[in-house]
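Overview (structure and organization)
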Amino acid sequence: MAAKLIKILSNLKQSICKISKTSTKVNNVAQGNCQRSPSTGSRFYSSQVRKCTMIPGDGIGPEISQAVQKIFATAKVPIEWETVDVTPVRGPDGKFGIPQAAIDSVNRNKIGLKGPLMTPVGKGHRSLNLALRKEFNLYANVRPCRSLEGYKTLYDNVDVVTIRENTEGEYSGIEHEIVDGVVQSIKLITEEASMRVAEFAFEYTRENKRKKVTAVHKANIMRMSDGLFLRCCRDVAAKFPDIKFEEKYLDTVCLNMVQDPSQYDVLVMPNLYGDIMSDMCAGLVGGLGLTPSGNIGINGALFESVHGTAPDIAGQDKANPTALLLSAVMMLKHMGLVEQARIIETACYETIKEAKYLTGDLGGKAKCSEFTNEICAKISAH
Amino acid sequence: MAARIFMKRPLELGKTFRKASTNLSAFEIQHKSPLVKKQQKIPVALYGGRHAVTMLPGSGIGPELMAYVRDVFRYAGAPVDFETININPNTDESDDLIHAITSIKRNGVAIKGNIETKSEDTEVQSRNVAIRNELDLFINVLNCKSYPGVKCRQSNIDIVIIRQNTEGEYAMLEHESVHGVVESMKIVTQSNSERVARWAFEYAKRHGRKKVTIVHKANIMKLSDGLFLETSRRIAKEYPEIEHNDMIIDNCCMQLVSNPHQFDVMIMTNLYGSIVSNVICGLIGGAGLLSGRNYGDHYAVFEPGTRNTGTAIAGKNIANPIAMLNASVDMLEHLGHQQHADMIQQAIVKTICEDNIQTPDLGGHHSSSDVVQRVIDHIVHSDRT
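Along each chain, residue indices are assigned from 1 in the same order as the chain's sequence is written. Just so you know, chain letters begin at A and ligand numbers begin at 1, following the order they were written in. Local features in this predicted model are restricted to residues whose pLDDT is 70 or higher, and side-chain atom pairs enter the listing and the counts only when it is 80 or higher, whereas totals over whole chains, interfaces and linings include all residues. Note that the side-chain values use all heavy atoms of the structure and ignore hydrogens as well as water.

Under an unreviewed UniProt entry, the name given to chain B is Isocitrate dehydrogenase [NAD] subunit gamma, mitochondrial-like isoform X2, and the organism recorded is Nicrophorus vespilloides.

Which entries qualify depends on this criterion: UniProt positions are given in the numbering used here, feature names are shortened, and annotations may be inferred rather than shown by experiment.
Named according to an unreviewed UniProt entry, chain A is Isocitrate dehydrogenase [NAD] subunit, mitochondrial originating from Nicrophorus vespilloides. Among the UniProt annotations of chain A, the heading Subcellular location (unreviewed entry) holds the following wording: "Mitochondrion". Check the Sequence similarities (unreviewed entry) section of the UniProt entry for chain A; it says "Belongs to the isocitrate and isopropylmalate dehydrogenases family."

Written out as structure tokens, the structure is:
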């Protein structure tokens, strides 16, 4: 009796192994045109239509999302959009949370594009961004900052990517008032999370053919915590001998970044430093309205625009869709649709460079639709 | 005799003290509860009309810069005698450090370079942090003013950064609860935040500054930065003639690189102060120009603004001596020798802005000794009563 059971179980095991073997074989065949995404492990044929979740957001969110969808349609990108609304609803336990439909959608599709969300102050629910981050276990935030030709800032030669650990660090949210008038806030650094983000950083560097990774830390003061982060980075660096690795103190990086940003390539750092550095680099190229951002998670990836909802210009066709568009391009590269990503990106950069149709925040007078149409025209002409 | 009594009293420095007393938490030791230590006022040393000042050269470019300060002071005739104490970076023992701290307590004023702590042992506290905490130098002031002759991206910057110097993220209280999980504690206290805010507003009032900006991250760190923010706002109400606002640190950094002229005086906690001061130093032209002042209730320590050791450029005669010279000028002002301070200050400004004798980090091609020689020439030829 027991022997029969064992036989059945071993047959089951063999059949499971066979199934998984065939699926990996299929995936390897499809690898040809695709870039491997290390974290999601998602692979697909390049001719297959892919579903993506779209979260338009508030304020100018809906109009810029529509602009992006129009551009993608013109470029014939094989993506089907599934629009969801993440306005929090009261759940059965009385607490506000993201609607289940939205969660299911992103879990199913594993890729999402998010517009700006408004977090009302003092209401009964937590920050939506935080909730999304926890839900999909988004552990790394990538922000490439590149100087745009055609939009002049004081810095012309910026080409930096900041990769920041997204789950722990100073933003762990663990705070207590020990004694009256004395507050302590705990910064949490774990080996697991640091290894994860370090590996992602090096893989990203390799895939995007970049040369150098700089770990930014303050281990002279926070010896144990940043020391652990550094050790993890060093361990991972040893596995990637073709990529240059250096470690710099946070103050040195800040000092050098404002004087000569061209000396840095990819920066990897814990949560708080990453937050500040990524915003500073965004400031160097022209602000948050032009910077794409991607959050990579274990179960998927969410790309977003990091600017505000701009309620004062919402609905007036004045918004600048560049940030959301560049984030969508990042999404395409992540999914492996490199060629289409390149076409759209080039069209966008050229439109800004020509400076004939620029929206208000870049100093022009064009409307959002005119800007979008110009990009579409360039794509069609390609 | 008195010195020996001091030596015997256990000082709470890293493992020396933790071994000695077991019933006090690290936090209590850190914040020097009155049960442990009596802060006795030590009379400031003043012998024969000349001030004695402790000099801590530190490592890297520290020793050469200190030599320049001595030269300049000799030519300027400043009535200051230096008591030099070298702290060995390689050892874990804190004898040199205790000696240095006692000397500063005796003299009241010090000038220092950046002291390196080579040990990576997590029990040994960073020596700079130890000095600051022991002497309770709770304020760090950085007066960032653009030099007209220096090539930089933003001109006409005039910002004062006032930064909490002893607690915050630099509390150095860390532990590994489970293997692979490290917790580091950031401490914010009501009393320290209040002292900083009050000092800052008094400073603004005394120097005719119009606006104070409080930099924080209270949207995420609600309790800790929230406490700092609330305390500062409360103190701000007592100074209605000074405008105040607050800004989140990431927005602040973004604004600094695009429009730094909107800031006047900025108050913040320890880590943000480090970041913002380095950003502004970068905007002004480099780490070699600005000097920082650390103030406590009883002591004052002067140092170059961006606390860099400069090991890479040590001994090559290309380090920028201006930061250390500016620190020495601040020190002379603090001691009350305004005339000497002005004389050296004017010589510095003439050298950098009019003569354009600048070191490589500012885009020039002169060596440090050239710069110092020119400063000395200006001093010798200036009008002296």
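**Points about the overall build of chain A**
Applicable threshold: Put simply, DSSP H or I for four residues or longer makes a helix, DSSP E for two residues or longer makes a strand, and each gets a number counted from the N terminus. Note on classification: 1.4 Å probe, protein chains only; a residue is buried when its accessible area is under 20% of the maximum for its type, exposed when over 50%, partly exposed between these limits. Throughout, a residue-residue contact means that at least one pair of heavy atoms, one from each residue, lies within 4.5 Å. Using a 1.4 Å probe, accessible areas were evaluated by the Shrake-Rupley method; residue-level cover was limited to the displayed protein chains.
Helix and strand counts for chain A come out as 11 helices and 14 strands. The burial tally for chain A puts 54% of its 382 residues in the buried class. Within chain A, counting contacts between residues at least 6 apart in sequence, those at least 24 apart form 73% of the total. Total accessible area on chain A is roughly 17000 Å²; 54% of this is exposed by carbon and sulfur atoms.

**A closer look at the sheet that holds strand β11 (residues 244–249) of chain A**
All names here are of chain A. Put simply, the rule reads: For two strands to count as paired, DSSP must find a minimum of two bridges between them. Helix axes use the C-alpha atoms of the stretch in contact, all axes being lines fitted to C-alpha atoms, and the angles between their N-to-C directions lie in the range 0 to 180 degrees.
Pairing is mixed across the open sheet formed by 10 strands, whose spatial order is β2-β1-β5-β14-β13-β6-β7-β12-β10-β11. A strand with exactly one partner marks an edge of an open sheet, and here the two such strands are β2 (79–83) and β11. Pairs of neighbouring strands in the sheet enclose a mean axial angle of 25°, with direction left out of account. With four bridges connecting them, strand β7 (residues 159–165) and strand β12 (residues 266–269) associate as parallel partners. Following the sheet pairing, I163 is matched in β12 by V268.

**Quick notes on the nonpolar core**
Generally speaking, soluble globular proteins have nonpolar side chains that are buried together. Stated formally: Among buried residues, those of type Ala, Val, Leu, Ile, Met, Phe, Trp, Tyr and Cys that are joined through side-chain atoms within 4.5 Å constitute a nonpolar core.
Counting 124 residues, the largest nonpolar core has M257(A), M277(A), I280(B) and M331(B) as its most contacted members. The leading source of residues in this core is helix α10 (residues 270–284) of chain B, at nine residues. Those residues within four positions of M257(A) in sequence are excluded, and the remaining contacts are Y155(A), V160(A), Y264(A), L267(A), M277(A), M280(A), C281(A) and L284(A). In this structure, I71(A), F303(A), A328(A) and A347(A) belong to the second largest nonpolar core, which totals 68 residues.

**Let's talk about the packing of aromatic side chains**
The relative placement of two aromatic rings is captured by the distance of their centres and the angle of their planes. Residues and elements named next belong to chain B. Where we set the bar: Aromatic contacts are taken between Phe, Tyr and Trp rings whose centres are within 6.5 Å, Trp giving its six-membered ring; a plane angle under 30 degrees counts as stacked, one over 60 as edge-to-face, and the others as tilted. Geometrically, a lysine NZ or arginine CZ counts as sitting over a ring once it is within 6 Å of the ring centre and also within 35 degrees of the ring normal.
Per the counting criterion, the structure on display carries 10 aromatic pairs over all chains. Aromatic pair F73 and F82: ring centres 5.5 Å apart, planes at 35°, arrangement tilted. Overall, F73 belongs to the buried group, its relative accessible area being 3%. On the basis of relative accessibility, which here comes to 16%, the residue F82 falls in the buried class. Put simply, the rings of W199, Y203, Y295 and F302 pair up and form one aromatic cluster. Just above the ring of F138 sits the side chain of R195; from NZ or CZ to the centre is 3.9 Å.

**Looking at the packing of helix α8 (residues 271–285) of chain A against α10(B)**
Selection rule: For classification purposes, an angle smaller than 35 degrees is called roughly parallel, one larger than 145 roughly antiparallel, one from 65 to 115 roughly perpendicular, and anything else oblique. By convention, the crossing between two helices is left-handed when the near helix turns anticlockwise from the far helix through less than a right angle, and right-handed when the turn is clockwise.
Two numbers describe how α8(A) lies on α10(B): the axes approach to 12 Å, and their chain directions differ by 25°. By the angle between their directions, the pair α8(A) and α10(B) is classed as roughly parallel. In terms of crossing hand, the pair formed by α8(A) and α10(B) is right-handed. Contacts between α8(A) and α10(B) pair L272(A), Y273(A), I276(A) and M280(A) from the former with L271(B), Y272(B), I275(B) and V279(B) from the latter.

**Focus on the interface of chain B and chain A**
What counts, and what does not: Note on terms: buried area is the combined drop in 1.4 Å-probe accessible area of two parts once they are placed together, counting the loss on both. A pair is scored as a salt bridge if a Lys or Arg side-chain nitrogen falls within 4 Å of a carboxyl oxygen belonging to Asp or Glu. Any pair of N or O atoms that falls within 3.5 Å is considered a polar contact. Within protein, one atom must be able to donate a hydrogen and the other to accept it, and sequence-neighbouring residues count only if both atoms are side-chain atoms. We call Asp, Glu, Lys and Arg charged. Ala, Val, Leu, Ile, Met, Phe, Trp, Tyr, Cys and Pro are nonpolar, and the rest, Gly among them, are polar.
In this complex, chain B contributes 55 residues to the contact, which on the side of chain A involves 44 residues. Summed over both sides, the interface of chain B with chain A buries roughly 4300 Å², with 65% coming from carbon and sulfur. Sorting the residues of chain B by area buried against chain A places R153(B), V182(B) and M254(B) first, and these three jointly supply 16% of that buried surface. At the junction of chain B with chain A, the criterion picks out one salt bridge. For K217(B), the salt bridge goes to D275(A), with nearest N and O atoms at 2.8 Å. Across the contact surface, chain B and chain A share 17 residue pairs in polar contact (both at pLDDT 80 or more). Secondary-structure elements contributing two or more residues to the side of chain B that touches chain A are β7 (168–178), β8 (181–189), α8 (224–236), α9 (249–258) and α10 of chain B. Class assignment of the residues belonging to the side of chain B that touches chain A gives a composition of 25 nonpolar, 19 polar and 11 charged. For strand β9 (residues 182–190) of chain A and β8(B), the ladder comprises nine bridges, and the chain directions are antiparallel. The residue bridging I186(A) from the neighbouring strand is M185(B), located in β8(B).

**So, unusual backbone geometry**
Residue and element names in this part refer to chain A. Although it is not a glycine, A310 adopts a positive phi angle of roughly 45°. Tracing the sequence through the fold places A310 in the loop between β14 (301–305) and α9 (322–335). Of note in this structure, D317 is not a glycine but carries a positive phi near 65°. Within the element layout of this structure, D317 appears in the loop between β14 and α9. Under the relative-accessibility criterion, D317 is labelled partly exposed at 23%.

**Comments concerning the pairing of β7(A)**
All names here are of chain A. Taking burial as the measure, the seven residues of β7 include six buried ones, the bulk of the element. Direction of pairing for strand β6 (residues 138–146) relative to β7: antiparallel, over a ladder of seven bridges. Looking at the pairing, P144 lines up with V161 of β7.

**Here we look at the sheet that holds β9(A)**
Taken in spatial order, the four strands make up an open sheet running β8(A)-β9(A)-β8(B)-β7(B), and their pairing is antiparallel. Edge strands, defined here as strands with exactly one partner in the open sheet, are β8 (169–179) of chain A together with β7 of chain B. For this sheet the average axis-to-axis angle between neighbouring strands, irrespective of direction, equals 30°. The sheet contacts of α8(A) involve β8 and β9 of chain A, and relative to β8(A) the element is tilted by about 120°.

**With respect to α8(A)**
Residue and element names in this part refer to chain A. What counts here: Take the residue count of a helix, subtract one, and multiply by 1.5 Å to get its expected span.
Taking 1.5 Å of rise per residue, 15 residues should cover 21 Å, and α8 covers 21 Å from first to last C-alpha, within 8% of that figure. Counting buried residues along α8, 15 of its 15 residues qualify, which places the element largely inside the surrounding structure. Note on α8: the residue one or two positions beyond its end, G286, has a positive phi of about 135°.

**Let's talk about the pairing of strand β9 (residues 211–216) of chain B**
Residues and elements named next belong to chain B. Put simply, the rule reads: Here, the term right-handed applies to a crossover whose path from the first strand over the helix to the second runs clockwise when the strands point away from the viewer.
Within β9, six of the six residues are buried, leaving the element largely enclosed by the surrounding structure. Alternating residues of β9 divide into K211, T213 and V215 and V212, I214 and H216, and every residue in both groups is buried. Pairing analysis gives six bridges linking β9 to strand β10 (residues 243–248), with the strands arranged parallel. By the bridge assignment, V215 is partnered in β10 with M247. Crossover connection from β9 via α8 to parallel β10: handedness right-handed.

**Description of the environment of M266(B)**
Residue and element names in this part refer to chain B. When you line up the elements, M266 lands in strand β11 (residues 265–268). Residue M266 is classed as buried on the basis of its relative accessible area of 0%. Considered as a pair, M266 and Y75 are 191 residues apart in the sequence and their alpha carbons are 36 Å apart. What M266 contacts, discounting residues up to four positions off in sequence, is I159, V160, I161, I162, T213, V215, C252, V276 and I280.

**Regarding the confidence of the model for chain B**
Residues and elements named next belong to chain B. For clarity, the cut-off: Confidence of the predictor at the level of single residues is captured by pLDDT, which takes values from 0 to 100.
Overall, the prediction assigns chain B a mean pLDDT of 84, with 86% of residues at 70 or greater. Scored below 50 in pLDDT, residues 1–21 shows 32 contacts in the model against residues more than four places distant or in partner chains. pLDDT under 50 marks residues 33–37. Its contacts with residues more than four places away, or in other chains, come to nine contacts. Reported for the predicted complex are a pTM of 0.82 and an ipTM of 0.80.

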